[in-house]
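Observations on chain architecture
Take a look at the letters that make up each chain.
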Amino acid sequence: LRLQKLSSKMKARIALTLNLLMRTATFAPFPVLEPDNETVSLPDAELGPMAEFGAPGGGHFHNTDREWLSLGGGYEFTCEDEWNSQKGQILAVYPADAKDPSLSKYPLVVFGHGRNAQPQKEYLYTLHSVAAHGFIILAPDSASAVSQFWCEDFYKDLLATLMWAKDTNEGVLKAIDWDAELLFYGHSMGGNAALRASNHEHGAPFLQEYGHSSLADRLLRSGVLSLDGFFSNQWSPQDADRDEQIVLYITGHDDYVAKSSVAEWLYEQDVSNEKTFLDITGETHTSVVSDYKIIHAVTAPFLQCAATQQPLSCMQLECNRLKSKIPITECRQSRSS
């Protein structure tokens, strides 16, 4: 009753204070780079000791840039509300030479951030590190508002980002390789959104509503990486039409926010053509995202395989090989064909 009598301004202050406390408590382990609104080059030296994993294709890691892009073309984010300070903003992180699309084309990764976090803060190190392997990453900052405890429709914002990128084809978006398979990547709430966006039952109708039937058809062959993703009452993998998909579930064994048993249940229920479950020893809900060994030994190689529909038995993803790179509590793989 006392809370009901508080003014809206006082409730807002309380919500903001709780949000700041939660963010500090939850995300302190992330290596955080200073965010800004300009394109800034991040040299390889700041990406961690990657040499032991080998650059993609035996070449060199890409220097990476980032910039803010504004959602347009009639698309709107579903999860935004009055708390969002940056309306319709998408963080783009990409190889520096993507600014000149005549040089190279890169697969697109649509990334979903976790609850109470922002791509330009908690995930900046991770996104630059993955982009250094040759990916253009688009991360909408739409569900990070303090009044949003959980946005069930965050997956629609990932799909709106995908459609907008396909329609816009300007600037760095011209360097997207649309012949590569669609890739969805997310953490925690964003991991759930990645799974739902790639689910033909949920994602296809939303894409078709905007006239993107070809993208809807391609969901069936998309690659999905869910880091400590939750599941909700509105969705389970049993509903998913994933006949040709490649899906990777990663969980931290010491994760007390989204326990490893949740990711294991998702894996067991998933009907994807090829799926992998990794329970990584000693990792928490936050460290599993930013640990450079996981990024370079697991995340990037998986996305490279999925982009070209390589089987999960490719050398980078064999369980025995991974165990020589990172401490693994359990590694399971299944193929339906």
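The structure this text deals with has already been given above.
Let us look at the structure shown here. (Residues numbered from 1 in each chain as written. Predicted model: local features only at pLDDT ≥ 70, side-chain atom pairs only at ≥ 80, totals over all residues. Heavy atoms only, no water.)

Helix and strand content of the protein: 11 helices and 9 strands. Of all 337 residues assigned to the protein, the portion counted as buried reaches 56%. Pairs at least 24 apart in sequence give 77% of the contacts found in the protein among residues at least 6 apart. Here the protein has roughly 13800 Å² of accessible surface; of this, 50% comes from carbon and sulfur atoms. (Helix = DSSP H or I, 4+ residues; strand = E, 2+ residues; numbered from the N terminus. Buried < 20%, exposed > 50% of the residue type's maximum accessible area, 1.4 Å probe, protein only. Contact = heavy atoms within 4.5 Å. Areas by Shrake-Rupley, 256 points an atom, 1.4 Å probe, with all protein chains shown as cover.)

Summed over the entire model, instances satisfying the criterion amount to 6 salt bridges. Taking the shortest distance from any N to any O, the salt bridge between D65 and K99 comes out at 3.0 Å. You can see D65 sitting in strand β1 (residues 64–70) and its partner K99 sitting in the loop between β2 (89–95) and β3 (108–112), a full 34 residues away along the chain. The class of D65 is buried, set by a relative accessible area of 6%. Overall, the relative accessible area of 46% leaves K99 in the partly exposed class. For E268, the salt bridge goes to R332, with nearest N and O atoms at 3.4 Å. Of the two residues, E268 is situated in helix α8 (residues 260–269) and R332 in strand β9 (residues 328–335); the sequence distance between them amounts to 64 residues. When its relative accessible area of 42% is taken as the criterion, E268 is described as partly exposed. (Salt bridge = Lys/Arg side-chain N within 4 Å of Asp/Glu carboxyl O.)

Let's shift gears to helix α5 (residues 189–198). Here α5 lies mainly inside the structure; 10 of its 10 residues are buried. Buried within α5 we find M189, G190, G191, N192, A193, A194, L195, R196, A197 and S198.

This brings us to the nonpolar core. Grouped together as the largest cluster of nonpolar side chains are 51 residues, with contacts concentrated most on I136, L138, L162, W164 and F184. Examining the composition of this core, we find that 9 residues originate from one element, helix α4 (residues 154–168), more than from any other. Look past the residues within four positions of L162 in its chain and what remains in contact with it is L108, V110, W178, L182, F184 and L215. Core analysis: the next-biggest nonpolar cluster, separate from the first, contains 40 residues, I280, I295, A297 and I326 among them. (Core = buried A, V, L, I, M, F, W, Y, C linked by side-chain atoms within 4.5 Å.)

With that out of the way, let us pick up the environment of D291. Along the chain, D291 falls in the loop between α9 (287–290) and α10 (292–307). Along the primary structure D291 and Y125 are separated by 166 residues, whereas in three dimensions their C-alpha atoms are 9.8 Å apart. From its side chain, D291 meets the backbone nitrogen of K293 in a polar contact 2.9 Å long. (Polar contact = N/O pair within 3.5 Å; in protein donor to acceptor, adjacent residues only side chain to side chain.)

In this section: the side chain of D157. One can find D157 in helix α4. Buried within the structure, D157 lacks any salt-bridge partner; its nearest side chain of opposite charge belongs to K156, at an N-O separation of 8.5 Å. Here T78 takes part through its backbone nitrogen, which lies 2.6 Å from a polar atom of the side chain of D157. Setting aside its immediate chain neighbours within four residues, D157 contacts E76, F77, T78, C79, P140 and S142. (Lys, Arg positive; Asp, Glu negative; His and termini not counted.)

Strand order across the open sheet formed by 9 strands is β1-β2-β4-β3-β5-β6-β7-β8-β9, with mixed pairing between neighbours. Taken across any chain shown, the strands that pair with only one partner, and hence form the sheet edges, are β1 and β9. Recorded for the sheet is a direction-independent mean angle of 15 degrees between the axes of neighbouring strands. Two strands pair when backbone bridges link them, and strand β6 (residues 223–227) and strand β7 (residues 246–252) are joined in this way by 5 bridges, in the parallel orientation. Residue pairing for β7: L225 is matched across the bridge by L248. The strands touched by α5 within the sheet are β3, β5 (183–187), β6 and β7, with β5 carrying the most contacts at an inclination of about 155 degrees. (Pairing = 2+ DSSP bridges. Axes fitted to C-alpha atoms, helices over the stretch in contact; angles between N-to-C directions.)

Moving on, we get to helix α6 (residues 200–209). The set of residues buried in α6 consists of H202, G203, A204, F206 and L207. Elements in contact with the buried residues of α6: α4, α5 and α7 (213–218). If you check the start of α6, you find a side-chain oxygen 2.9 Å away from the backbone N of E201, and it comes from N199. The first or second residue beyond α6 is G211, which carries a positive phi of 80 degrees.

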